[in-house]
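Structure assessment
Each chain, written out:
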Amino acid sequence: MTLPVVWDDEAETALLTILDYIGPRNKPAAERLYAAIRHTADNLPNHPYTHRPGRAPGTREAVVHPNYILIYRVGIEAIEILTLVHARQQYP
């Protein structure tokens, strides 16, 4: 049984904020970044533990682009996307 992927509100807001910033400046780059993020998130159920252990306890970090990291947690009922951060952003 594969776990569903669930996006937290914070993760959705972070994604939209990033795309809203990049989109007007470079629409193709924003589209590529969105595709990379969706591809990574959509493939998490296949191999949820492939990505490195996260800096916050109980999390994992998928580097979807040299500048962006998808933070998620593998739960009992779902894989929860917690947030998306810029690599230079202080986290956690």
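The protein chain is annotated in an unreviewed UniProt entry as Plasmid stabilization system protein ParE of Sphingobium scionense. According to its UniProt record, the protein chain has this under Sequence similarities (unreviewed entry): "Belongs to the RelE toxin family."

1. So, the overall build of the protein chain
Check the secondary structure of the protein chain and you find two helices and five strands. In sequence order, the protein chain lays out its α and β elements as β-α-α-β-β-β-β. Relative to the 2.2 N^0.38 estimate, which gives 12 Å for 92 residues, the radius of gyration of the protein chain is 13 Å and therefore close to what a compact globule would have. Looking at the protein chain residue by residue over its 92 residues, the buried ones come to 40%. At a minimum sequence separation of 6, the contacts of the protein chain that also span at least 24 residues come to 45%.

2. Description of the packing of aromatic side chains
Taken as a whole and judged by the stated rule, the model has zero aromatic pairs. Cation over ring: arginine 25 sits above tyrosine 21, and NZ or CZ is 3.9 Å from the ring centre.

3. Quick notes on the nonpolar core
In terms of nonpolar packing, the biggest core is built from 23 residues, with Trp7, Ile37, Leu70, Ile81 and Leu84 touching the most fellow members. Those elements giving two or more residues to this core turn out to be helix H1 (9-22), helix H2 (27-43), strand S3 (60-65), strand S4 (68-74) and strand S5 (79-86). Broken down by element, the residue count for this core peaks at six residues, all from H1. Sequence-distant contacts of leucine 70, that is, excluding residues within four places in its chain, are made with Trp7, Ile37, Thr40, Ala41, Leu44, Arg60, Glu61, Ala62, Val64, Ile81, Thr83 and Leu84. With six residues, the next largest nonpolar core counts Ala56, Ile71, Leu82 and Val85 among its residues.

Cut-offs applied
Residues numbered from 1 in each chain as written. Predicted model: local features only at pLDDT ≥ 70, side-chain atom pairs only at ≥ 80, totals over all residues. Heavy atoms only, no water. UniProt positions renumbered as here; feature names shortened; annotations may be inferred. Helix = DSSP H or I, 4+ residues; strand = E, 2+ residues; numbered from the N terminus. Rg over C-alpha atoms; globule rule 2.2 N^0.38 Å. Buried < 20%, exposed > 50% of the residue type's maximum accessible area, 1.4 Å probe, protein only. Contact = heavy atoms within 4.5 Å. Phe/Tyr/Trp six-rings, centres within 6.5 Å; stacked < 30°, edge-to-face > 60°. Lys NZ or Arg CZ within 6 Å of the ring centre and 35° of its normal. Core = buried A, V, L, I, M, F, W, Y, C linked by side-chain atoms within 4.5 Å.

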